[in-house]
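# Architecture and fold: a report
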Amino acid sequence: MPPQGPAEENQLNVQGYNIVTILKRLEAATCRLEDITIFQEEANKAKPLTRDAVSDALSAPSSTNISESTSAITDPPAAKALSEASAPAKFVTVFDEFIKSNIVPFVDLSNAIDAIVGSAAQELHDAFVEQAKFLGIVAHTKKPALGDQNLNNAVAPINARIEAITTLKDQNRRSNFFNHLNTISEGAPVLGWIVSDTPLSYIPEFKDSAQFWSNRVMKEYKDKDNKHVDWVKAFLSIFDGLRAYVKEYHSTGLAWNPRGATLGESLAAALAGATDTKKAASSSGGAAPPPPPPAPPANLFDDVEKPKEATSSSSGGLKAVFNDLNKGENITAGLKKVDKSQMTHKNPSLRQQGVIKKPTPPKKPTSLSSPSGTVKKTVKPPRVELVDGAKWIVENLTAENTKEPVVIDAEMQHSVFIGNTDSVTIQINGKGNAVSLSETKNTGVVVHSLISGIDVIKSVKFGLQVTGVVPLITIDKSDEGNIYLSQESIDNDSSVVTSNTTAVNINVPTEEDYNELPVPEQLQHFFRNGKLVSEVVEHAG
């Protein structure tokens, strides 16, 4: 072809683009789309594929030779690649090994100790199994949007197991192994790492919570039965193994698949697979095959092959709305006339027959609630300060900024205020005036003696130990607290007043250790001689 002159070249250019180049790119794109469609049709005939397998195949170099693309599907190397693509992700198989090596031995040790402890451990095992299923969904699912209801549905089975552990603990408060049950109950919410953006810092928090109770198990059985010591070590090793796994595969959050399906599609596919598995198991009586992977993307040319009548009849949107509005008076021609006997405002009896209840919103997971949906509080600096020579202020202390117990030497004119603390221990020496705890969590306070008393307000998982004399302890709107009284306080008729509190125990000293006495939470009220009389409800058993 002879060289073209400037005038001829300008004729082939449109707004700076060469027409010949554009035609070549369109031809290449057309061949590419044909290869994709042929590949999908042949693959669907051969075996179901995962979305990852389809994406890998589509990312391979294209060929305009149709016979070569179809033969590649049936070749052994191509089939092997597709089977490997449909295999579980590595982080799923590693998590299964983690369950076998860490959770299963812990269940065996728990069954050897007590049947109830074994049941709680089995619930924990089942929760990890449900989490393994969830990770299998994550492997071929892209990250859902914030507030996606499907995420709550996906973690609901895990949350149900955690709630079962808590219920089992609450139903066996008189058990000799209540500390064991508390240990499992406090550590079980660690499964919520899957909804945390910082799972590496999330896991140690629940290890510390569980260790508060496991230390009591160690103290009780250290010199009596090594079986319980091994049980504690096995339980704590779960957190270490889980943290190592998360650090390797999910250090910044779950490893979602950016090329995967939506979470709703994956859950629907998993549900359909579970249904097919049950049917196959019931018909054959043997082991059922694993659920099938999600279906590949639809044929790109499906819409082209559909007749126009089918698409036009199902069309909707704004066009259909305006078409109906243009009917004028005929728009109400298809409406059915309601008879007077069917009108509820004229027949009140009809209202009683079928009351339409407002659908209740789905229960939000309490243990696996996503931290990304909550507002992060401003981190305030820690403060331990004596103000005006009369009041100690202890605020904003956490396990991260306070490694050692805080020691305060109190005097008779000193009062101590402790607020917004988490996972710290505070020791108050000497004889002070009063101590107040407000909105604390996992906070332990050791007090020698006070003139007035101790107030605990809106605190969770607190611990109080009195080594001298404290005349009054008041607890309001607080949960899961333990109070350890000294014999000297008991001899001086110290009192404890509670209101709006749950799971509070008072421990009194014995010759060997402490005797745990639960504080009543349920009252029964009577009317006698015109007055209201309240009595504690006693539970036998």
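Residues numbered from 1 in each chain as written. Predicted model: local features only at pLDDT ≥ 70, side-chain atom pairs only at ≥ 80, totals over all residues. Heavy atoms only, no water.

### A word on the overall build of the chain
When helices and strands are counted, the chain shows 17 helices and 16 strands. Of all 541 residues assigned to the chain, the portion counted as buried reaches 33%. Approximately 32900 Å² of the chain is accessible, and the part contributed by carbon and sulfur atoms is 54%. (Helix = DSSP H or I, 4+ residues; strand = E, 2+ residues; numbered from the N terminus. Buried < 20%, exposed > 50% of the residue type's maximum accessible area, 1.4 Å probe, protein only. Areas by Shrake-Rupley, 256 points an atom, 1.4 Å probe, with all protein chains shown as cover.)

### Quick word on the side chain of His-250
Its place among the elements puts His-250 in the loop between helix H11 (226-249) and helix H12 (263-284). One polar contact links the side chain of His-250 to the main-chain amide nitrogen of Ala-255, over a distance of 3.1 Å. Other than its neighbours up to four places away in sequence, His-250 contacts Phe-91, Leu-135, Trp-193, Pro-199, Tyr-245 and Ala-255. (Polar contact = N/O pair within 3.5 Å; in protein donor to acceptor, adjacent residues only side chain to side chain. Contact = heavy atoms within 4.5 Å.)

### Topic: the pattern of salt bridges
All told, the structure shown has eleven salt bridges when counted by the stated rule. Between Asp-240 and Lys-207 there is a salt bridge, with its nearest N and O atoms 2.9 Å apart. Of this pair, Asp-240 sits in helix H11 while Lys-207 sits in helix H10 (residues 199-221); the two residues are 33 residues apart in sequence, bridging distant segments of the chain. The salt bridge involving Arg-528 is made with Glu-535; its shortest N-O contact spans 3.4 Å. Judged by relative accessible area, which is 40%, Arg-528 ranks as partly exposed. Relative accessible area serves as the criterion here: at 34%, Glu-535 is assigned to the partly exposed category. (Salt bridge = Lys/Arg side-chain N within 4 Å of Asp/Glu carboxyl O.)

### Describing the nonpolar core
Grouped together as the largest cluster of nonpolar side chains are 56 residues, with contacts concentrated most on Phe-95, Leu-124, Phe-128, Phe-134, Trp-193 and Leu-242. Mapped onto this core, the elements with two or more residues apiece are helix H6 (90-113), helix H7 (115-138), helix H8 (149-170), helix H9 (178-187), H10 and H11. With eleven residues, the top contributor of residues to this core is H7. In this view, Trp-193 contacts Phe-95, Gln-131, Leu-135, Pro-199, Tyr-202, Ile-203, Leu-242, Tyr-245, Val-246, His-250 and Leu-254; residues no more than four positions away in its chain are not counted. Formed by 30 residues, the second largest nonpolar core is a distinct cluster that contains Ala-410, Ile-475, Leu-485 and Val-519. (Core = buried A, V, L, I, M, F, W, Y, C linked by side-chain atoms within 4.5 Å.)

### Considering the confidence of the model for the chain
Averaged over all residues, the pLDDT of the chain equals 77, while 67% of them reach at least 70. In the predicted structure, residues 298-314 sits below a pLDDT of 50 and forms eleven contacts with residues beyond four places in sequence or in another chain. Under a pLDDT of 50 for its full length, residues 355-365 has, in the predicted model, six contacts with residues more than four places off or in other chains. (pLDDT = per-residue confidence, 0-100.)

### Topic: the pairing of strand S13 (residues 502-509)
The element S13 is extensively covered by neighbouring structure, given that six of its eight residues are classed as buried. As judged from the five bridges shared by strand S11 (residues 479-484) and S13, these two strands associate in the parallel manner. Counterpart to Asn-482 in the pairing with S13 is Asn-505. Between the antiparallel neighbours S13 and strand S14 (residues 514-518) lie four residues. (Pairing = 2+ DSSP bridges.)

### Quick look at H11
End to end, H11 covers 35 Å across 24 residues, agreeing with the expected 34 Å (1.5 Å per residue, within 8%). Here H11 has its buried residues at His-228, Val-229, Trp-231, Val-232, Ala-234, Phe-235, Leu-236, Ile-238, Phe-239, Leu-242, Tyr-245 and Val-246. Measuring from the side-chain oxygen of the N-cap residue of H11 to the backbone nitrogen of Lys-227 gives 3.0 Å; that N-cap residue is Asp-225. (Expected span 1.5 Å × (residues − 1).)

### Thoughts on H7
An ideal rise of 1.5 Å per residue puts 34 Å on 24 residues; H7 measures up with 34 Å between its terminal C-alpha atoms. Of the residues that open H7, the one with a side-chain oxygen 3.0 Å from the backbone nitrogen of Ile-116 is Asp-114.

### Thoughts on the environment of Gly-463
Secondary-structure assignment places Gly-463 in strand S9 (residues 463-466). For Gly-463, a relative accessible area of 14% gives the class buried. On a C-alpha basis, the gap between Gly-463 and Lys-441 in space is 9.7 Å, while along the polypeptide they are 22 residues apart. Sequence-distant contacts of Gly-463, defined by excluding residues within four places in its chain, comprise Thr-443, Gly-444, Val-445 and Asn-482.

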